[in-house]
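For reference, the chains in residue letters:
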Amino acid sequence: MSKQADILDTCCGSRMFWFDRNDKRALFMDNRKEKFMLKDKSSKGGKRALVISPDVVADFTATPFKDKSFQLVVFDPPHFKRNGETGWMAKKYGTLSENWPALLRAGFSECFRILKPGGILVFKWNENEIPLRKILSLTPEKPVIGQRGGKNFQTHWVVFMKALK
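In this report, the structure presented in the accompanying data block is examined.

The rules behind these values
- Residues numbered from 1 in each chain as written.
- Predicted model: local features only at pLDDT ≥ 70, side-chain atom pairs only at ≥ 80, totals over all residues.
- Heavy atoms only, no water.
- Helix = DSSP H or I, 4+ residues; strand = E, 2+ residues; numbered from the N terminus.
- Rg over C-alpha atoms; globule rule 2.2 N^0.38 Å.
- Buried < 20%, exposed > 50% of the residue type's maximum accessible area, 1.4 Å probe, protein only.
- Contact = heavy atoms within 4.5 Å.
- Areas by Shrake-Rupley, 256 points an atom, 1.4 Å probe, with all protein chains shown as cover.
- Lys, Arg positive; Asp, Glu negative; His and termini not counted.
- Charge placed at Lys NZ, Arg CZ, Asp CG, Glu CD.
- Pairing = 2+ DSSP bridges.
- Core = buried A, V, L, I, M, F, W, Y, C linked by side-chain atoms within 4.5 Å.
- Phe/Tyr/Trp six-rings, centres within 6.5 Å; stacked < 30°, edge-to-face > 60°.
- Lys NZ or Arg CZ within 6 Å of the ring centre and 35° of its normal.

**Here we look at the overall build of the protein chain**
When helices and strands are tallied, the protein chain shows three helices and nine strands. Moving toward the C terminus, one meets the helices and strands of the protein chain in the order β-β-β-β-β-β-α-α-β-α-β-β. Taken over C-alpha atoms, the radius of gyration comes to 16 Å for the protein chain, in line with the 15 Å a tight globule of 165 residues would show. Along the first, second and third principal axes, the C-alpha atoms of the protein chain reach 55 × 40 × 25 Å. The buried share of the protein chain, taken over its 165 residues, is 44%. The contacts of the protein chain with a sequence gap of at least 6 include a subset with a gap of at least 24, amounting to 63%. For the protein chain, the computed accessible surface area is about 9,700 Å², with 52% contributed by carbon and sulfur atoms. Charge separation in the protein chain, taken as the distance between the mean sites of 30 positive and 17 negative side-chain charges, equals 4 Å.

**Details of the pairing of strand 2 (residues 26–30)**
With five of five residues buried, strand 2 is to be regarded as a mostly interior element. A two-sided burial pattern is seen for strand 2, the buried positions comprising Ala26, Phe28 and Asp30 on one face and Leu27 and Met29 on the other. Where strand 1 (residues 7–9) and strand 2 come together, three bridges link them in parallel fashion. Residue pairing across strands places Leu8 opposite Leu27, the latter belonging to strand 2. Alignment of strand 2 against strand 5 (residues 56–57), held across two bridges, turns out to be parallel.

**Some remarks on the nonpolar core**
In this structure, Phe75, Leu104, Leu121, Phe123 and Ile135 are the most contacted members of the largest nonpolar core, which totals 29 residues. At the level of elements, strand 2, strand 6 (70–75), helix 2 (100–114), strand 7 (115–126), helix 3 (132–136) and strand 9 (155–161) are the ones that each hand at least two residues to this core. Per-element accounting of this core gives the leading share, six residues, to helix 2. With near-sequence residues (within four places) excluded, Leu104 lies in contact with Phe60, Phe75, Pro77, Leu96, Trp125, Ile135 and Leu138. Membership of the second largest hydrophobic core comes to six residues, among which are Cys12, Trp18, Phe28 and Val74.

**Examining the packing of aromatic side chains**
Considering all chains together, one arrives at 10 aromatic pairs under this definition. With centroids separated by 5.1 Å and ring planes inclined at 65°, the aromatic side chains of Phe60 and Phe75 adopt a geometry described as edge-to-face. Of this pair, Phe60 sits in the loop between strand 5 and strand 6 while Phe75 sits in strand 6, and the two are 15 residues apart along the sequence. Like Phe60, the residue Phe75 is buried in the burial classification. Ring plane angle 10° and centroid distance 6.1 Å describe the contact between Phe123 and Trp125, whose orientation is recorded as stacked. One aromatic cluster is present, formed by Phe60, Phe75, Phe108, Phe112, Phe123, Trp125 and Phe160 through successive ring pairs. Positioned over the ring face of Phe28 is Arg15, at 3.8 Å from the centre of the ring.

So, in structure tokens, the structure goes:
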């Protein structure tokens, strides 16, 4: 890992919400490196590539970084339990396992471990299957601000700030 960065995207997937998918300030991490061809009526040929190509392949519950390494951490874990294993939603977003509460609790803990004091955690969650309040109960940290959006307003963007001490 030779790239130095101030930002870590812990579950980058195909980097869908990034303005610049190759932003030099960011290090992109995911637990998989894959490429799929998905059906897409809006593209020429009726297919498009879904590319998951992180800088670092690692699990968000056990990152290979030192404590207090990043000023900004983005945490957008899988949101669904019922994606199946081979459908396009599973390929695009991943699927939560049965032990999702422990997994997400460990993910929050790891994100705060690698954040610098005063650092920001941006958390994204879609509550189609699991309400946001259940997810926020998995961390003792308190959010600062949040915003609902997306179809049916089920996607939440939540911002946390790590204590300065």
